[in-house]
Amino acid sequence: MLTVRYDRLGVRPGDRVLDLGAGAGRHAFEAMRRGAEVTALDTDDGEVKDVSWMMRDLSTTDPVVAETGGRGTALVGDALRLPFVTGTFDRVIAAEVLEHIPDDRTAMSELSRVLKPGGTMAVTVPRWWPELLTWALSDEYHNKP
């Protein structure tokens, strides 16, 4: 399920997009389908490996990605020390991730730093009730940093 409104975010072909806390890559893949040059960043090297493989596959098998020219790269990284120069990205996505980062203020500062002036950012966090249900249903969810 996508939690970002891409039309409001303004993703266009050729945009450089950062997907922070990309997880399994759902938001990164949609940005690729819209023609963006996507960097999916996560702390979980297993997720990054899977997303990287899927990005390569999409670039060769998905006709929409082929038509729009979307590209993607997946990296292991830390939200508190983003490995990018200031003003690198046209768009930034941080979907359902900030609630997992104890020092969320530093993470938000880093996201702002790497966003180009005039760029747009989509940040989503879960509502209390759905998050409570997820915690109740999954030990794995709340035991994972």
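On a predicted model such as this, the values are computed, not experimentally measured, just so you know. (Residues numbered from 1 in each chain as written. Predicted model: local features only at pLDDT ≥ 70, side-chain atom pairs only at ≥ 80, totals over all residues. Heavy atoms only, no water.)

## Description of the sheet that holds strand β2 (residues 37–42)
Read from one edge of the open sheet, five strands run β3-β2-β1-β4-β5, paired in parallel fashion. Because the sheet does not close on itself, it has two edges, and the strands there are β3 (71–76) and β5 (115–124). With strand direction ignored, the average angle separating the axes of adjacent strands in the sheet is 20 degrees. Across the sheet, helix α5 (residues 104–114) touches β1 (16–20), β4 (89–95) and β5, and the angle it forms with β5 is around 140 degrees. (Pairing = 2+ DSSP bridges. Helix = DSSP H or I, 4+ residues; strand = E, 2+ residues; numbered from the N terminus. Axes fitted to C-alpha atoms, helices over the stretch in contact; angles between N-to-C directions. Contact = heavy atoms within 4.5 Å.)

## Focus on the environment of A31
Relative to the assigned elements, A31 resides in helix α2 (residues 26–33). Given the relative accessible area of 0%, A31 is considered buried. A sequence separation of 14 residues divides A31 from V17, and the C-alpha atoms of the two residues are 7.5 Å apart. With near-sequence residues (within four places) excluded, A31 lies in contact with Y6, V11, V17, A36 and V38. (Buried < 20%, exposed > 50% of the residue type's maximum accessible area, 1.4 Å probe, protein only.)

## Thoughts on the pattern of salt bridges
Taken as a whole, this structure holds nine salt bridges when the rule is applied. Across the pair E37 and R16 runs a salt bridge whose closest N-O atoms are separated by 3.7 Å. In this pair, E37 is assigned in strand β2 and R16 in strand β1, connecting sequence segments 21 residues apart. Since its relative accessible area comes to 28%, E37 is described here as partly exposed. Taking relative accessible area as the criterion, R16 reaches 30% and is therefore assigned partly exposed. (Salt bridge = Lys/Arg side-chain N within 4 Å of Asp/Glu carboxyl O.)

## So, the side chain of D62
As for its position among the elements, D62 is in the loop between α3 (45–61) and α4 (63–68). With relative accessibility at 11%, the residue D62 sits in the buried group. Engagement of the side chain of D62 in a polar contact is seen with the backbone nitrogen of V64, the distance being 2.7 Å. At 3.1 Å, the side chain of D62 forms a polar contact with the backbone nitrogen of V65. (Polar contact = N/O pair within 3.5 Å; in protein donor to acceptor, adjacent residues only side chain to side chain.)

## Observations concerning the nonpolar core
V4, V17, V38, A40, M55 and I93 are the most contacted members of the largest nonpolar core, which has 22 residues in total. When residues of this core are traced back to their parent elements, those giving at least two are α1 (6–9), α2, β2, α3 and β4. Not counting residues up to four positions away in its chain, the partners in contact with A40 are D19, A22, A28, V51, M55, T73, A74 and L75. Counting 16 residues, the second-largest nonpolar core is a separate cluster that includes A79, A107, L111 and V114. (Core = buried A, V, L, I, M, F, W, Y, C linked by side-chain atoms within 4.5 Å.)

## A few points about the packing of aromatic side chains
Applying the stated rule across the entire model yields one aromatic pair. Positioned above the aromatic ring of F89, the side-chain terminus of R16 is 5.5 Å from the ring centre. (Phe/Tyr/Trp six-rings, centres within 6.5 Å; stacked < 30°, edge-to-face > 60°. Lys NZ or Arg CZ within 6 Å of the ring centre and 35° of its normal.)

## Topic: the pairing of β5
Sheet faces and side chains relate simply in a regular strand, where the side chains alternate between the two faces. Pairing geometry for β4 and β5, over six bridges, is parallel. Paired with R91 across the two strands is T120, which belongs to β5. Each parallel crossover has a hand, and the one from β4 via α5 to β5 is right-handed. (Right-handed = clockwise from strand over helix to strand, strands pointing away.)

That's the geometry; what it means functionally is another story.
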